[in-house]
Amino acid sequence: MKPKLRTLPLEQVEPGMCLGGDVCDSHGAVLLMAGFQLSESHIHALERRGIRAVTIALPQVLSPAEQAARQDAARTRLAHLFRHRPDTETDLWLHRIMLEYRMEALE
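Residues numbered from 1 in each chain as written. Predicted model: local features only at pLDDT ≥ 70, side-chain atom pairs only at ≥ 80, totals over all residues. Heavy atoms only, no water.

Asks: Whenever I open this one, helix α2 (residues 64-81) confuses me. Can you help?
Replies: Quick reminder: α-helices carry 3.6 residues per turn. Residues three or four places apart thus point the same way. Between its first and last C-alpha, α2 extends 26 Å over 18 residues, near the 26 Å set by a 1.5 Å rise per residue. All of the buried residues in α2 are Gln67, Ala74 and Leu78. On an axial view of α2, the arc spanned by its buried residues comes to 30°, and they lie on one face. Within α2, the exposed residues directed more than 90 degrees away from the buried face are Ala65 and Thr76. Looking at the packing, one finds that the buried side of α2 touches α3 (89-106). (Helix = DSSP H or I, 4+ residues; strand = E, 2+ residues; numbered from the N terminus. Expected span 1.5 Å × (residues − 1). Buried < 20%, exposed > 50% of the residue type's maximum accessible area, 1.4 Å probe, protein only. Arc of directions from axis to C-beta. Contact = heavy atoms within 4.5 Å.)

Asks: Sorry if this is basic, but what is going on with the side chain of Gln67 here?
Replies: Here Gln67 is to be found in helix α2. The buried category is assigned to Gln67, whose relative accessible area is 19%. Filtering out sequence-adjacent residues up to four positions away, Gln67 remains in contact with Leu62, Leu106 and Glu107.

Asks: Is there a simple way to think about the nonpolar core in this case?
Replies: The tendency in soluble globular proteins is for nonpolar side chains to be buried side by side. Judged by nonpolar contacts, Leu8, Leu10, Val13, Leu19, Val23, Leu32, Leu38, Ile43, Leu46, Ile51, Val54 and Ile56 together constitute the single largest core of 12 residues. Not counting chain neighbours up to four residues away, the residues in contact with Ile56 comprise Lys4, Leu5, Arg6, Leu8, Val13, Met17, Cys18, Leu19, Gly20 and Leu38. (Core = buried A, V, L, I, M, F, W, Y, C linked by side-chain atoms within 4.5 Å.)

Asks: Would you explain the sheet that holds strand β1 (residues 4-9) in this entry?
Replies: Strand order across the open sheet formed by 3 strands is β1-β5-β2, with antiparallel pairing between neighbours. Two strands in the sheet have a free side with no partner beyond their single neighbour: β1 and β2 (18-19). In this structure, β2 lies alongside strand β5 (residues 53-58), joined through 2 bridges in antiparallel fashion. From the neighbouring strand, Leu19 faces β5, where its bridge partner is Ile56. (Pairing = 2+ DSSP bridges.)

Asks: Explanation requested: a nonpolar patch on the surface in the structure shown.
Replies: Side chains of Trp93, Leu94 and Ile97 sit close together on the surface and give an oily, nonpolar patch of about 260 Å² of accessible area. Relative to the assigned elements, Trp93 resides in helix α3. Using a relative accessible area of 46% as the deciding quantity, one classes Trp93 as partly exposed. (Patch = residues over 30% accessible without salt bridge, like charges linked within 9 Å, V, L, I, M, F, W, Y side chains within 5 Å. Areas by Shrake-Rupley, 256 points an atom, 1.4 Å probe, with all protein chains shown as cover. Salt bridge = Lys/Arg side-chain N within 4 Å of Asp/Glu carboxyl O.)

Asks: Sorry, what's going on with the environment of Phe82 here?
Replies: Mapped onto the fold, Phe82 is located in the loop between α2 and α3. Sequence spacing of Phe82 and Gln67 is 15 residues, and the spatial spacing of their C-alpha atoms is 23 Å. Aside from chain neighbours lying at most four places away, what touches Phe82 is Asp91, Leu94, His95 and Met98.

Asks: What exactly am I supposed to notice about the packing of α2 against α3 here?
Replies: For any two helices packed against each other, the geometry comes down to the angle between their axes and how far apart the axes lie. Taken N-terminus to C-terminus, the directions of α2 and α3 make an angle of 155°; their axes are 10 Å apart at the nearest point. With respect to each other, α2 and α3 are oriented roughly antiparallel. As α2 runs across α3, the sense of the crossing is right-handed. Along its contact with α2, which presents Gln67, Arg70, Gln71, Ala74, Arg75, Arg77, Leu78, Ala79 and Leu81, the element α3 presents His95, Met98, Leu99, Arg102, Met103 and Leu106. Partitioned by chemical class, the residues of the contact of α2 with α3 number 8 nonpolar, 3 polar and 4 charged. (Axes fitted to C-alpha atoms, helices over the stretch in contact; angles between N-to-C directions. Parallel < 35°, antiparallel > 145°, perpendicular 65-115°, else oblique. Left-handed = near helix turned anticlockwise from the far one by under 90°. Nonpolar A, V, L, I, M, F, W, Y, C, P; charged D, E, K, R; others polar.)

Below is the structure:
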């Protein structure tokens, strides 16, 4: 599930927020990469470098019903992909690993 992105003025950015895009200086050098969790000192450092705004990744909050529906859809899709596979130990292991991966991606 992709997070929503929002560009915020640096004054509105709070410690703990995650960057939704790289932060570059005026020469194009990457100061902080997307996904980086900002601390108060990072925010102050960006201010000193003249950065006025950053793109923040806003986490999506799903209701328990929406989360369950997405999990059911992932299980159904995986069952469809494995529908012609024999129940060998390797295939069952691969199915379990893929299911775990897809469930983690939904968190």
